[in-house]
Amino acid sequence: MGNQAEGSALNGELDLSQVDALVEPYLDKQGVVIPVLQKIQEHYGYLPRPALERAARRLRIPLSRLYGVATFYAQFKMMPRGRNIIRVCKGTACHIQGGSKIAERIEEILKIKVNETTPDMKFTLEEVACIGACALAPVMMINDEPHGRLTPDKIKKILASYE
Amino acid sequence: MSAVKLTIDGMPVEVAPGTTILEAARKLEIDIPTFCHDPELTRNGACRMCVVEVEKARALVASCCTPVAPDMVVHTDSERVRTARQTILRLILANHPLECITCEKTGDCRLQDYCYRYGVSESGFQGETKDLPLDDTNPFFIRDMNKCILCGICVGKCQEINGAGAIDFTRRGFVTNVSPPFGDPIENSSCVFCGMCVDVCPVGALVPKAGVGKGRPWEIEKVKTICPYCGTGCSVYLHVKDGKIIGASPDAESPVNRGHLCAKGRFGWDFVHSEERLTRPLIRRNGVFVEAGWDEALDLVASRLKESIARYGPDAFMGLSSAKTSNEDNYLFQKLVRHLGTNNVDHCARL
Amino acid sequence: MYEKHLMICGATGCLSSNSGKVKEALEAELARRGIKEKYRLVMAGCVGFCEVGPIIVIYPDEVFYCRLKPGDMAELVEKHLIGGEVVERLLYTSPDVEVPGRFYDTIPFYRKQVFNVLRNSGIIDPEIIDEYIMRGGYRAFSRALKMERPQICDEVKRAGLRGRGGAGFPTGMKWEFTMIAPGEKKYVVCNADEGDPGAFMDRSILEGDPHAVIEGMLICGRAIGADEGYIYCRAEYPLAIKRLRIAIAQAEEYGLLGENILASGFNFHLNIKEGAGAFVCGEETALLASIEGKRGMPRPRPPFPAVSGLFGKPTCINNVETFANIPLILREGGVEEFASIGTESSKGTKVFALAGKIRNTGLCEVPMGITIREVIFDVGGGVQGDREFKAVQAGGPSGGCIPAELLDLPIDYDSLTKAGAIMGSGGLVVMDDRTCMVDLARYFLSFTQKESCGKCIPCREGTKRMLEILERICDGSGEPADLDTLESLAFSIKDSALCGLGQTCPNPILSTIRYFRHEYEEHINEQFCRAGVCKALFQYYIDPETCIGCTRCARVCPVSAISGEKKEVHAIDQSLCTRCGSCVEVCPKNSIQITRVRRKADVSS
């Protein structure tokens, strides 16, 4: 994943006309960078470079600042993500209950590392600081669904249930 | 408001409220090391080199951004302070290529100076180091971010002073970097090549191309002059070695430019020693330019002017002056043109 | 009219254990029988006992049902709602109770708790403002409207409330500084960027009783002279954000937020800012930078936010739990009541999130001054599987661990700090003999290293080097000098880093070295991890005395390293074993044990 590929579109051209509408409510206001990036990501699923360029022009904020903010916060993704997002909890409770073994097993099965997407765009593997469902540790979320009290041998079956 | 009295290294000092410990110490000629401090920019406090011990404070404080308080007792060179500074230097060295032998910055590098001052010759840590691509595609300067210590002054200058906003911090933690958006080369960014970042870089991360391999800082004579590119009259130091200009830097004291220069004044000196540079007048003879003497050329211009005015009247001719000349020259030029009988005089910068 | 009210725990913890599906099943069952109108189902706030979720509490019967499954709903409706009979099998059972616990008072988890901050959670519908008002909500605020500003600060000071975000700065003093700071425009900011892994107190408060936080902020606004507030909440807390939005809209509708509130001339507007995933934004100056739309990098203090905060204006920043305490203090007689709980220097209660190898994972609220032993063993029910208690980690990545010998330490700001931990925001993670303390330090450093903002050198470069040393130790390539290097680096970083995150990130290392130095030494000198966590530093073997040859381990092994005939003793091929631990999980006899690695060098020499 080189820098050059960051923010590039997945399939052909992006429809950028939405950017103006997303940015509109934030023009001439204070402290808008993060909510604008959140809106763009909500719309496109990640932060496409052309969308950031357009937003920077509309907001009259240097692109370098948008990029600096976008790469600072874990929430923002510069690459398209898979259909299913796996978020393995890295919280303390999960860690001492063997959470790292869960991520390792997923990596083995899907043959990707954390923050990577399977070539078929089916899964993206991510880590999250803490879901706060410590009673279910170790836990992971796939999309909005929590899977708790995991052991490595349960992983394969869970992954198989996603399309 | 009344002055604040405090003690620094056993010496009493009185300063205005709001003064930083660093400024107060400088008043006493105590040299506190800094990487990230720049009086022009928002207080930063990032490098922690300037930490000092303030009695009764829990931890060391950054002198560059801590204001003085009444009866403060400050130690700028205690064992605790020296240990912290040595640790910081060792941490920098652990992630900084030790290429001092060939580094352009050698001799004018604050990292080198401070390591010398605090007796730090190696990091003592083993581990991951930066491995970032060199950005040298532009004609003016080389960006080697592996040498960057992330003091952030370049970012401050670009965002707060110049306003070009070409670079900013990217990512965070150990992989934090300073870069144009999307890691593009600086050439493809909104950079206007004012060179301010290059001037303020305390280490060898930003180096002008023109001087590479041409001389060490201590071999260079800095000659103060006025930039000839335009009428602004920026004060500039030409870096001269063996009678040749190998670089330039702005004059921070000049009331005209106060340490700023444009891309031309900062980087555009290669023409001086260019073989293609015109050093004598050329006269076109039978469609070909031929070298001539100054008197010959001036005589030719004068005689042609006289001929034209005699034949077509003075309004048939106009004078166009250059923004590269000084105000005084421009004044004399319009005098000359008016003396020749026309008001047709203009200036290339009057857009 | 409703015959009964069913409070279904709808907080994230119970939702994760499927309380949503339980509610759907309950609704379907009631609809099927055509008796939907008789019962009020409320997705209520957290009742704390996540371990036994999903939970439904039925009023006025006062019955606490737990560990519910959608399939239990038919019986619950049939027996309890229609038949009026308690469903014994769905009550709380545990080895620590002789008869099933029927309600809060008979469940040991709740016995030592005092509900101040969590007074409404699980009892009211957090999406209906009237329920909050019926419980006395907004009365403290209307009282504050009639008070002089310094008087409000004074009451908060006299109550002895200290910041619940971790550092414990006296709240009343902070308010007073902001009140006297010159400036027309001032802000109130609520720090709801709860980022400590293993901590979820603030989320539960926001989900269960959002109006308590809003009322606290209103009172603060009135006290310091601010007309605008921000709640900076983690985007990872969608339910908390949703409930806050509803609460703000309702408060606006009731004229409790907005212009000329209750005709007092006081104006206050409240905004929500969603964080974007950066732990460092819990640090107040980084949080402010983030609201301003910048990279969340801390800046040096002074100036403190009380003087120059959000957009350069005087700003009072408090944490969620701090604000939630305010309405209690500002009500008539609240100061004395609040100060009657706790110790000399730490007043009131504290909410803790219990997690890790503890039996009762969940949220609890206990009076300050209670001992760690009481919290872990009486409230928390002790260590899972009755294993040996090793330590409890308090305060997350900025905190430290407290070993068994300090179990009788009273919980207050100063005692915890003295022990090398911190109160922190209230995460308590329990560890047993199978937790490696070196690995724990490594875990926290990998967290702080990843979350370092990268601004100052000690934190950015120093955490990386400390992590690398810890990784080497966990890998078996540690050297005796590493401990000294770690300690001296840790002290330098504590002394010179820019912000609270950097200054406290060495704490997990220093406290584990302080109390568990022998584990470090064992890793370095003997290449042995007694907890069986650091993979390069132990081997599994099957105890031939106890193995019954059930073959479960062999079947579960992902690399087929275990062999053995049925009903015969199994063995592990060390050259294949990846020490994934799957076999340990399934062994019914606890036969899979840990031993030192036999190295080739040992054999040959």
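Heads up: the structure comes first, above all this text.
Residues numbered from 1 in each chain as written. Chains lettered and ligands numbered in written order. Predicted model: local features only at pLDDT ≥ 70, side-chain atom pairs only at ≥ 80, totals over all residues. Heavy atoms only, no water.

K.L.:
With reference to specific residues and values, describe the packing of aromatic side chains.
P.N.:
Scanning the model with the defined rule gives 32 aromatic pairs over all chains in all. When the centroid spacing of 4.7 Å and the interplanar angle of 45° are considered together, the rings of A:Tyr67 and B:Phe182 count as tilted. You can see A:Tyr67 sitting in helix H4 (residues 63-72) and its partner B:Phe182 sitting in the loop between strand E8 (177-179) and helix H5 (196-200), one on each of two chains. Accessibility assignment for this pair places A:Tyr67 and B:Phe182 in one class, buried. Measuring from ring centre to ring centre gives 5.8 Å for C:Phe64 and C:Tyr110, while their planes differ by 70°; the resulting arrangement is edge-to-face. Taken together, the positions of C:Phe64 in strand E4 (residues 63-65) and C:Tyr110 in helix H4 (residues 108-111) put the pair 46 residues apart, joining distant regions of the chain. Per residue, the accessibility class of C:Phe64 equals that of C:Tyr110, and both read buried. The ring of B:Phe267 has B:Arg266 sitting right over it, with the charged end atom 5.0 Å from the ring centre. The residue whose ring lies beneath C:Arg203 is C:Tyr237, and the NZ or CZ to ring-centre distance is 5.7 Å. (Phe/Tyr/Trp six-rings, centres within 6.5 Å; stacked < 30°, edge-to-face > 60°. Helix = DSSP H or I, 4+ residues; strand = E, 2+ residues; numbered from the N terminus. Buried < 20%, exposed > 50% of the residue type's maximum accessible area, 1.4 Å probe, protein only. Lys NZ or Arg CZ within 6 Å of the ring centre and 35° of its normal.)

K.L.:
Explain the interface of chain C and chain A to me, and be specific about the residues and the numbers.
P.N.:
Between chain C and chain A, the contact holds 53 residues from the first and 39 residues from the second. Taken together, the two surfaces of chain C and chain A that pack against each other cover about 3,500 Å², and 56% of this comes from carbon and sulfur. Interface area lost by chain C to chain A is led by C:Ala276, C:Arg295 and C:Tyr443, which between them contribute 16%. Connecting chain C to chain A are three salt bridges. A salt bridge links C:Lys535 to A:Glu104, with the shortest nitrogen-to-oxygen separation between them at 2.9 Å. Along the contact surface separating chain C from chain A lie 23 residue pairs in polar contact (both at pLDDT 80 or more). Secondary-structure elements contributing two or more residues to the side of chain C that touches chain A are strand E8 (266-274), helix H12 (284-291), strand E10 (349-356), strand E14 (427-432), helix H17 (437-451) and helix H23 (582-586) of chain C. Residue contributions to the side of chain C that touches chain A peak at seven residues, all from H17(C). Residue composition of the side of chain C that touches chain A, by class: 24 nonpolar, 14 polar and 15 charged. (Contact = heavy atoms within 4.5 Å. Buried area = accessible area lost by both parts, 1.4 Å probe. Salt bridge = Lys/Arg side-chain N within 4 Å of Asp/Glu carboxyl O. Polar contact = N/O pair within 3.5 Å; in protein donor to acceptor, adjacent residues only side chain to side chain. Nonpolar A, V, L, I, M, F, W, Y, C, P; charged D, E, K, R; others polar.)

K.L.:
Describe the pattern of salt bridges, and please don't skip the residues or the numbers.
P.N.:
Going through the model one piece at a time under the given rule, you end up with 72 salt bridges over all chains. Here C:Lys174 makes a salt bridge to C:Glu284, at a shortest N to O gap of 4.0 Å. Of this pair, C:Lys174 sits in helix H8 (residues 171-180) while C:Glu284 sits in helix H12, and the two are 110 residues apart along the sequence. For C:Lys174, a relative accessible area of 21% translates into the label partly exposed. Linking C:Glu292 and C:Lys294 is a salt bridge whose minimum nitrogen-to-oxygen distance equals 2.9 Å. Here the residues in one salt-bridge network are A:Asp20, A:Glu24, A:Arg54 and A:Arg58, joined through shared partners.

K.L.:
An account of the environment of C:Phe352 is needed here, citing residue identities and associated values.
P.N.:
Residues and elements named next belong to chain C. With respect to the element layout, phenylalanine 352 can be found in strand E10. Taking the C-alpha atoms as reference points, phenylalanine 352 and methionine 201, separated by 151 residues in sequence, lie 6.5 Å from one another. When neighbours within four sequence positions are excluded, phenylalanine 352 is seen to be in contact with Met201, Gly362, Leu363, Cys364, Val366, Ile411, Met423, Gly426 and Leu428.

K.L.:
Report on helix H3 (residues 110-117) of chain B, specifying residues and quantitative values.
P.N.:
Residue and element names in this part refer to chain B. Of all the residues in H3, the buried ones are Leu111, Tyr114 and Cys115. Buried positions in H3, seen along its axis, are confined to an arc of 105° and lie on one side of it. Elements in contact with the buried residues of H3: helix H2 (79-93). Trailing H3 by a residue or two, glycine 119 shows a phi angle of about 65°, which is positive. (Arc of directions from axis to C-beta.)

K.L.:
Describe the interface of chain C and chain B, naming the residues involved and giving the relevant values.
P.N.:
When the parts come together, some accessible area is lost, and that loss is often what is quoted as the size of the interface. With 32 residues of chain C in contact, the opposing surface of chain B contributes 35 residues. Summed over both partners, the interface of chain C with chain B comes to about 2,800 Å²; 53% of that surface belongs to carbon and sulfur atoms. When residues of chain C are sorted by the area they lose upon contact with chain B, C:Ile457, C:Arg465 and C:Asp495 head the list and together hold 23% of the total. Where chain C touches chain B, the interface holds three salt bridges. With a closest N to O distance of 2.7 Å, C:Asp495 and B:Arg80 form a salt bridge. Of all the elements in the fold, those that place two or more residues in the side of chain C that touches chain B are H17, helix H18 (457-475) and helix H19 (481-496) of chain C. Looking at the side of chain C that touches chain B element by element, the count peaks at nine residues for H18(C). Partitioned by chemical class, the residues of the side of chain C that touches chain B number 11 nonpolar, nine polar and 12 charged.

K.L.:
Give a detailed account of the sheet that holds strand E5 (residues 187-192) of chain C, specifying residues and quantitative values.
P.N.:
Working definition: the strands of a sheet are paired by backbone hydrogen bonds and lie parallel or antiparallel to each other. All names here are of chain C. Pairing within the open sheet is mixed, and its five strands lie in the order E7-E8-E6-E5-E9. Only two strands of the sheet have a single neighbouring strand rather than two, namely strand E7 (258-261) and strand E9 (315-319). Across the sheet, the mean angle from the axis of one strand to that of its neighbour is 20°, orientation sign disregarded. Examined bridge by bridge, strand E6 (residues 228-233) and E8 share six bridges and lie parallel to one another. The residue of E8 that forms the bridge with glutamate 228 is histidine 269. The strands touched by helix H11 (residues 238-253) within the sheet are E6 and E8, with E8 carrying the most contacts at an inclination of about 160°. (Pairing = 2+ DSSP bridges. Axes fitted to C-alpha atoms, helices over the stretch in contact; angles between N-to-C directions.)

K.L.:
Could you give me a rundown of a positive patch on the surface, with the residues and numbers involved?
P.N.:
Residues and elements named next belong to chain C. Taken together, the side chains of Arg552, Arg555, Lys566 and Lys567 present a region of like positive charge at the surface. Structurally, lysine 567 is set in the loop between strand E16 (562-563) and strand E17 (571-572). By relative accessible area, which is 73% here, lysine 567 ends up exposed. (Patch = residues over 30% accessible without salt bridge, like charges linked within 9 Å, V, L, I, M, F, W, Y side chains within 5 Å. Areas by Shrake-Rupley, 256 points an atom, 1.4 Å probe, with all protein chains shown as cover. Lys, Arg positive; Asp, Glu negative; His and termini not counted. Charge placed at Lys NZ, Arg CZ, Asp CG, Glu CD.)

K.L.:
Lay out the environment of A:Asn143 with the relevant residues and their values.
P.N.:
All names here are of chain A. Locating asparagine 143 in the fold gives a position in the loop between strand E3 (140-142) and strand E4 (145-147). Taking relative accessible area as the criterion, asparagine 143 reaches 25% and is therefore assigned partly exposed. Spatially, the C-alpha atoms of asparagine 143 and alanine 56 are 30 Å apart, while their sequence positions differ by 87 residues. In this structure the side chain of asparagine 143 is engaged in a polar contact, spanning 3.0 Å, whose partner is the side chain of asparagine 84. A polar contact is formed between the side chain of asparagine 143 and the backbone nitrogen of isoleucine 85, at a distance of 2.8 Å.

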